[in-house]
Amino acid sequence: MQKPTIGIIGPGRAGSALGRALHSAGYTIAAVGGRNPDNVRKLASELGARACQTPATTIDISDLTILAVPDDVILPLATDMADALCSAAGKAAVHLSGAQDRQPLKALAQQGSLRIGVFHPLQTFRRGPEAVANVTGTYFGIDADPPLRAQLMHLASDLGGHTFDLSGVDLALYHAAAVFAANYPTLLLAEAIELARRSGLDEKTAQDGMTTLLAGAVNNLKNLPPAEAITGPAARGDEGTMQRHLDALKNDPELQRLYQLLANRTKHLAPNNKEAA
């Protein structure tokens, strides 16, 4: 299958990571557009692309345009772009949101005759060039009609990724699951680092120690389901230790309640896990 030329609208974390990964995979990045001219010019220069002043121009000079913008921006952006298009028959546009279906892009299909779809990377990306390392092995959720569907599946394969079908999926529930997996462990790590610091550890030891601990927990999950991988006092049923933790958290009632809630969910997840942490 011939590789389509790619346009990126939104040179943020996801857009930049995918743009760099696609470029490395042999795709021509034809255009980069977005609200921040400096970011647009920087990424366009790096990838040998044209820096576009308007989103519609990105579509004009690309076979496949990726809208890597915040969820709430997709609909108004697509509507504005549709008003500026005469025709874009044979071209395609996709967004990266896992929380929305193709509906926000309907104006582009109706006005510009574009094929539209969803190409959601089930992945988290940091800022900077290092983020491209996360692309390989990523699972991509796809919602598109043929022939765009096949094109997106080929795109994911060239990125070293895996694909799954998003059509018919409860997207709100699916995206909430992604938030639990990608965002809240980081929040809990931040709370853990602060608690360790308050316990008397120096800041570097608190951060490095707790981050290494989390990495070990993630490593355990590579070959075990969560119910078998989870450790700690709640999984063991060590009520005395949990009560001491709750007492230590008495000055932070919200965190104390969160600890209790998570402990209760842990008991439900691993009711027969009595091994030591």
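Everything below is about the structure printed above this text.
These notes cover the structure that comes with them. All of these numbers come straight from a predicted model, not from anything done at the bench.

## Comments concerning the sheet that holds strand 2 (residues 29–33)
With respect to topology, eight strands assemble into an open sheet ordered 3-2-1-4-5-6-7-8, the strand pairing being mixed. Of all the strands in the sheet, just strand 3 (50–52) and strand 8 (162–165) have a single pairing partner and so form its edges. Mean inter-strand twist for the sheet, computed between neighbouring axes without regard to direction, equals 25°. Sheet strands touched by helix 6 (residues 148–158): strand 1 (6–9), strand 4 (64–67), strand 5 (92–95), strand 6 (115–122), strand 7 (139–144) and strand 8. Its angle to strand 6, the strand with the most contacts, is close to 30°.

## What to know about the pairing of strand 2
By the criterion of burial, strand 2 is predominantly enclosed, with five of the five residues buried. Relative to strand 2, strand 1 runs parallel, the two sharing four bridges. Bridge pairing links Gly 7 to Ala 31 in strand 2. Crossover strand 1 to strand 2 through helix 1 (residues 13–24) is right-handed.

## Topic: the pairing of strand 1
Residue alternation in strand 1 divides its side chains into two sets, Ile 6 and Ile 8 and Gly 7 and Ile 9, and both sets are buried. Pairing analysis gives four bridges linking strand 1 to strand 4, with the strands arranged parallel. Within strand 4, the residue paired with Gly 7 across the bridge is Thr 65.

## Let's talk about the packing of helix 8 (residues 184–199) against helix 9 (residues 203–220)
Axis angle and axis distance: for two packed helices, these are the angle between their axes and the distance between the axes, and together they describe the pair. With their axes 9 Å apart at the nearest point, helix 8 and helix 9 run at an angle of 140° to one another. Between helix 8 and helix 9, the crossing angle belongs to the class labelled oblique. Seen from above, helix 8 lies across helix 9 with right-handed handedness. Contacts between helix 8 and helix 9 involve Pro 185, Leu 189, Ala 192, Ile 193, Ala 196 and Arg 197 on the former and, on the latter, Ala 206, Gln 207, Met 210, Thr 211 and Leu 214. Tallied by class, the residues present in the contact of helix 8 with helix 9 amount to eight nonpolar, two polar and one charged.

## Overview of unusual backbone geometry
Going from Pro 146 to Pro 147, the amide bond is cis rather than trans, its omega being 0°. Within the fold, Pro 147 resides in the loop between strand 7 and helix 6.

## Focus on the packing of aromatic side chains
Counted by the stated rule, this structure contains three aromatic pairs. Geometrically, the ring pair formed by Phe 119 and Phe 140 is stacked, given 4.7 Å between the ring centres and 15° between the ring planes. Taken together, the residues Phe 119 in strand 6 and Phe 140 in strand 7 connect sequence positions 21 residues apart. For the pair shown, Phe 119 and Phe 140 are each scored as buried. Centroid distance Phe 180 to Tyr 184: 5.3 Å. Interplanar angle 90°. Geometry classified as edge-to-face. For Phe 180, a relative accessible area of 57% corresponds to the exposed category.

Calculation notes
Residues numbered from 1 in each chain as written. Predicted model: local features only at pLDDT ≥ 70, side-chain atom pairs only at ≥ 80, totals over all residues. Heavy atoms only, no water. Pairing = 2+ DSSP bridges. Helix = DSSP H or I, 4+ residues; strand = E, 2+ residues; numbered from the N terminus. Axes fitted to C-alpha atoms, helices over the stretch in contact; angles between N-to-C directions. Contact = heavy atoms within 4.5 Å. Buried < 20%, exposed > 50% of the residue type's maximum accessible area, 1.4 Å probe, protein only. Right-handed = clockwise from strand over helix to strand, strands pointing away. Parallel < 35°, antiparallel > 145°, perpendicular 65-115°, else oblique. Left-handed = near helix turned anticlockwise from the far one by under 90°. Nonpolar A, V, L, I, M, F, W, Y, C, P; charged D, E, K, R; others polar. Phe/Tyr/Trp six-rings, centres within 6.5 Å; stacked < 30°, edge-to-face > 60°.

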